[in-house]
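# A closer look at the structure
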Amino acid sequence: MSNLYLIGYRGCGKTTVARLLSERLQLPAFDADEYLEQQAGQTIREIFAAEGEAGFRDRESQVVQELTKRDGLIVSWGGGVILRETNRSALKQAGRIVWLRARPETVLMRIEQDPTTGARRPNLTAAGGLEEVRHLLSQREPLYIAAADWTISVDELPPAAIATSIGDWFRNQEGGQP
């Protein structure tokens, strides 16, 4: 059985949708960022402060290598996992990839409403805010498009509807399984 991978910018709902999909498809779900933090014993913000973005991306790539060796998982990946070609290739080989696409305004609103984001995750540019989201989305969008087997726009949909659509698509891809 293939793995089901959720990609997209931070705040697009990957973790929430993965948990709903786990219940729906009866498969274990992992949040790759949470998994990385547990292994490191540090938040992403702390890793960035100590090791910089390159150190964080190295750790992220190790998590990719580890989780893509398993079967039958749902994984919500960090927004920048697609930045490295080796990560994109590993994901493509080990699972089906769904891009949860959201407008910059939606992303920023969700980030601002999440009380844990500020404490756990650093800004990735000096600008922060909507300017950062727009800038990084413009850079990452071609990579999300290239990596994704399917895309769902999540701006107007509640998490349960997103999970239903993805679950139906995944079952169809897997020939009716699970």
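This one's a predicted model, so the numbers in the text were calculated from it and none came from an experiment. (Residues numbered from 1 in each chain as written. Predicted model: local features only at pLDDT ≥ 70, side-chain atom pairs only at ≥ 80, totals over all residues. Heavy atoms only, no water.)

## Side note on the overall build of the chain
The criterion, for reference: Strands are runs of DSSP state E lasting at least two residues, helices are runs of H or I lasting at least four, and both sets are numbered from the N terminus onward. Here the globule rule reads 2.2 Å times residues to the power 0.38, and the radius of gyration is calculated from C-alpha atoms. When a residue's accessible area, from a 1.4 Å probe over protein chains only, is under 20% of the maximum for its type it is buried; when over 50% it is exposed; and in between it is partly exposed. Every accessible area reported is derived by Shrake-Rupley at a probe size of 1.4 Å, with residue values counting cover from the shown protein chains alone. Only four residue types enter the charge count, namely Lys and Arg as positive and Asp and Glu as negative; His and the chain termini do not. Taken as the charge centre is NZ of Lys, CZ of Arg, CG of Asp or CD of Glu, depending on the residue.
Across its full length, the chain carries 8 helices and 5 strands. Sequence-ordered secondary structure for the chain, helices as α and strands as β, is β-α-β-α-α-β-α-β-α-α-α-β-α. The globule rule puts the C-alpha radius of gyration for 178 residues at 16 Å, and the 15 Å found for the chain is close to it. Across its three principal axes, the chain shows a C-alpha extent of roughly 45 × 35 × 30 Å. Looking at the chain as a whole, 48% of its 178 residues qualify as buried. Surface summary for the chain: the accessible area is close to 8,300 Å², and the carbon and sulfur share equals 48%. Averaged over its 21 positive side-chain charges, the chain has a centre that lies 2 Å from the centre of its 24 negative ones.

## A few points about the packing of aromatic side chains
Test applied: Pairing of aromatic rings covers Phe, Tyr and Trp, the last counted by its six-membered ring, and requires centre-to-centre distances within 6.5 Å; plane angles under 30 degrees mean stacked, over 60 mean edge-to-face, and any other angle means tilted.
Enumeration according to the criterion identifies 5 aromatic pairs in this entry. Seen in terms of ring centroids, Phe48 and Phe56 are 5.2 Å apart; in terms of plane orientation they differ by 35°. Their pairing is tilted. The pair Phe48 / Phe56 is uniform in exposure class, with both members buried. Plain terms: the ring middles of Trp150 and Trp169 are 5.4 Å apart, the flat faces sit at 5° to each other, and that makes the pair stacked. One end of the pair, Trp150, is in strand 5 (residues 150-153); the other, Trp169, is in helix 8 (residues 159-173), and 19 residues separate them in sequence. Judged by its relative accessible area of 27%, Trp150 is partly exposed. Owing to a relative accessible area of 12%, Trp169 belongs among the buried residues under this scheme.

## Some thoughts on the packing of helix 5 (residues 104-113) against helix 7 (residues 129-147)
Applicable threshold: Here the axes come from fitting lines to C-alpha atoms, over the contacting stretch only for helices, and the angles between their N-to-C directions go from 0 to 180 degrees. Under this scheme an angle from 65 to 115 degrees is roughly perpendicular, one under 35 degrees roughly parallel, and one over 145 degrees roughly antiparallel; angles in between are oblique. Crossings are assigned a handedness: left-handed for a near helix turned anticlockwise from the far helix by less than a right angle, right-handed for a clockwise turn. Residue contacts are counted whenever heavy atoms from the two residues lie within 4.5 Å of one another. Gly is put with the polar residues, along with every residue not named as nonpolar or charged; the nonpolar set is Ala, Val, Leu, Ile, Met, Phe, Trp, Tyr, Cys and Pro, and the charged set is Asp, Glu, Lys and Arg.
Where helix 5 contacts helix 7, the two axes come as close as 9 Å, and the packing angle between them is 130°. Judged by the inter-axis angle, helix 5 sits oblique to helix 7. The crossing of helix 5 and helix 7 is right-handed. Across from Pro104, Glu105, Val107 and Leu108 in helix 5, the residues of helix 7 making contact are Gly129, Leu130, Val133, Arg134 and Leu137. A per-class count over the contact of helix 5 with helix 7 returns 6 nonpolar, 1 polar and 2 charged.

## Details of the sheet that holds strand 5
Where we set the bar: Should DSSP find at least two bridges between two strands, the strands are regarded as paired.
The 5 strands lie next to each other as 2-3-1-4-5, forming an open sheet whose pairing is parallel. With partners counted over all chains shown, the strands left at the sheet margins are strand 2 (29-31) and strand 5, one partner each. Sheet twist, expressed as the average angle between the axes of neighbouring strands with direction ignored, equals 20°. As paired strands, strand 1 (residues 3-7) and strand 4 (residues 95-101) are joined by 5 bridges and run parallel to one another. Paired with Leu4 across the bridge in strand 4 is Arg96. Here helix 7 sits on the sheet and contacts strand 1 and strand 4; the angle it forms with strand 4, its principal contact strand, is near 145°.

## As for the pairing of strand 1
Within a regular beta strand, the side chains point alternately toward one face of the sheet and then the other, so they alternate between its two faces. Of all 5 residues in strand 1, 5 are buried, a share of seventy percent or more. Burial of strand 1 is two-sided: the residues Asn3, Tyr5 and Ile7 facing one way and the residues Leu4 and Leu6 facing the other way are all buried. In this structure, strand 1 lies alongside strand 3 (residues 74-76), joined through 3 bridges in parallel fashion. Residue Leu4 lies in a different strand from strand 3, and its bridge partner there is Ile74.

## As for unusual backbone geometry
Within the chain, Gln26 stands out as a residue other than glycine whose phi angle is a positive 55°. Here Gln26 falls in the exposed class, since its relative accessible area comes to 64%.

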